[in-house]
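Topology and contacts: notes
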Amino acid sequence: MDAHHVTLVHWFRKGLRVHDNPGLSQVFAAANAAPGKSVVRPIFILDPGILDWMQVGANRWRFLQQTLQDLDQQLRKLNSRLFVVRGKPADVFPRIFKSWRVELLTFETDIEPYSIARDAAVQKLAKCEGVKVETHCSHTVYNPELVIAKNLGKAPITYQKFLGIVEQLKVPKVLDLPEMLKGNVQPPQDEVEKEDPSAYDYPTMDQLVKRPEDLGPNKFPGGETEALRRMEESLSDELWVARFEKPNTAPNSLEPSTTVLSPYLKFGCLSSRLFHLRLKEILKRQTKHSQPPVSLIGQLMWREFYYTVAAAEPNFDRMLGNVYCLQIPWQEQADHLEAWTHGRTGYPFIDAIMRQLRQEGWIHHLARHAVACFLTRGDLWISWEEGQRVFEQLLLDQDWALNAGNWMWLSASAFFHQYFRVYSPVAFGKKTDPKGSYIRKYVPELAKYPAGSIYEPWKVSLADQRAYGCVLGTDYPHRIVKHEIVHKENIKRMSAAYKVNREVRTGKEEESFEEKPETSVSGKRKAVRKTAGNAAKRKR
């Protein structure tokens, strides 16, 4: 290392973008303030070991590879580049702190327990080496710590309470691109680069995608460039933005009926603060518009809500030891879990959703509602943690806080307690796709079934099954449960579980009674009837 230069490092983890990136901007500004004194190395640390053990599907590895490639291209426009360092952070930093003569390290904060422990260890290493560390909260619109502090040190456990708190907080300014690095001071090669000049290049697709046979169509390419393009496309119709209501979008349209910006927000290819600002600007011009929770800003605030409650609970992704989560005696049913995971439940709507997820890495939020309810309290009575693991592997937008939060909500384990509202695996899909086009696309075995029976093939005679080219039990599975029976049994189970949880919480035993379930096959509640089976709001 040139003795005249020190190194300023920005460590990318999430936040894989150059726009509105305060940590990156700080490093660039410091370098430009004293040209010739320092060099800049924006890094991404890739542990080769995780390619083998980490449960991540091929589609998400491809998304990451494309994102890193695009990030390198964006940095080169700013007279820099991306340095992808192979290894574990605990091994990488002691070496580069010395070898590169690092003076400043910046990175974006994270709320996940693994990340918090990792970052604390890195900060300790930096302190030992005399390296200054600056962290920035830029993955969310609001800093979860500030929201919790505003709520007297406790996370708000209802969405409306959360909205009331953040309305009192100032939204940080959205930053422009960093100023291009002055001069042509490139980092001198270290000992690794002298042996292999391409040692820090971004990984190729072959290096990152270990199971290319699992790749589906590349419908949602990774990277900041695509994120900004998709955002502009989504916001170009301001009337659509103003009128957007999530429940009125279709979970089974052949092309997405929503923005599909979630993967780009998850990886930080798109700044949530920029998206929030752009939405606010549109709503100022469009005075008649939808409101949270169903509006587009409302959807973004759900993300903020889950990040805040998750920041206060390290066991957020599990039932045991989780302050928010009801304890429910779920059952292990490996064969049913396997059937659900691979889209072989015998319910075409459910199977189509799970197959789309595996092929494309994304499904509509209401489709997630349907399959999550089916796996847990609706039909199979399997723990939400099992579903969370499958989504963790297959979703492009898998996010620790959002994935766990949504699974708890949809299993009526936390935040939502109307467990008698059960999504029908038949009627719910029919509402927006009565002809079954979505099923024909993702469950092609049933392509010749008429619209009147494609959602319920078990009602078709054997002769007609043969005529349609799909015999149940041979070409497509029999349904693994009978929804019309099991969902009623599961409502009783939920009522009993809620009763036990209340007794544990209050220390008082309650009288047992038989509750008459009230459900709607469409997933909507038919009538309001308050009973002791309805859980009271849980207090943190």
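Structure: above.
What you see is a predicted model; the values in this text were computed from it and never measured.

**What to know about the overall build of the protein**
Counting its secondary structure elements, the protein contains 23 helices and five strands. Here the C-alpha radius of gyration of the protein, 25 Å, is about what a compact globule of 540 residues would show, namely 24 Å. Along the first, second and third principal axes, the C-alpha set of the protein runs to 80 × 60 × 50 Å. Expressed as a percentage of the 540 residues in the protein, the buried residues total 55%. Long-range contacts, defined here as pairs at least 24 residues apart, represent 78% of the contacts in the protein between residues at least 6 apart.

**Structural notes on the side chain of S383**
Take S383: it is sitting in the loop between α17 (365-378) and α18 (384-394). The exposure class assigned to S383 is buried, which follows from its relative accessible area of 14%. Residue contacts for S383: discarding those within four places in its chain leaves W330, Q331, L375 and T376.

**With respect to the environment of K150**
Assignment of secondary structure puts K150 in helix α6 (residues 144-150). Taking the C-alpha atoms as reference points, K150 and K441, separated by 291 residues in sequence, lie 49 Å from one another. Excluding residues that lie within four positions of it along the chain, K150 makes contacts with I165, Q168 and L169.

**Thoughts on helix α7 (residues 159-166)**
For α7, every residue scored as buried is listed here: Y159, F162, L163, I165 and V166. Viewed end-on, α7 has its buried residues packed into an arc of 160°, placing them on one side of the element.

**Things to note about the packing of helix α10 (residues 224-235) against helix α13 (residues 272-285)**
Two elements in contact, α10 and α13, have axes whose closest approach is 12 Å; the angle formed by their N-to-C orientations is 15°. With respect to their mutual orientation, α10 and α13 come out roughly parallel. Read as a crossing pair, α10 and α13 show a hand that is right-handed. Residues L228, M231, E232 and L235 of α10 form the contact with α13, whose own contacting residues are L274, F275, R278, L279 and I282. Its residues assigned to classes, the contact of α10 with α13 shows seven nonpolar, no polar and two charged.

Conventions and cut-offs
Residues numbered from 1 in each chain as written. Predicted model: local features only at pLDDT ≥ 70, side-chain atom pairs only at ≥ 80, totals over all residues. Heavy atoms only, no water. Helix = DSSP H or I, 4+ residues; strand = E, 2+ residues; numbered from the N terminus. Rg over C-alpha atoms; globule rule 2.2 N^0.38 Å. Buried < 20%, exposed > 50% of the residue type's maximum accessible area, 1.4 Å probe, protein only. Contact = heavy atoms within 4.5 Å. Arc of directions from axis to C-beta. Axes fitted to C-alpha atoms, helices over the stretch in contact; angles between N-to-C directions. Parallel < 35°, antiparallel > 145°, perpendicular 65-115°, else oblique. Left-handed = near helix turned anticlockwise from the far one by under 90°. Nonpolar A, V, L, I, M, F, W, Y, C, P; charged D, E, K, R; others polar.

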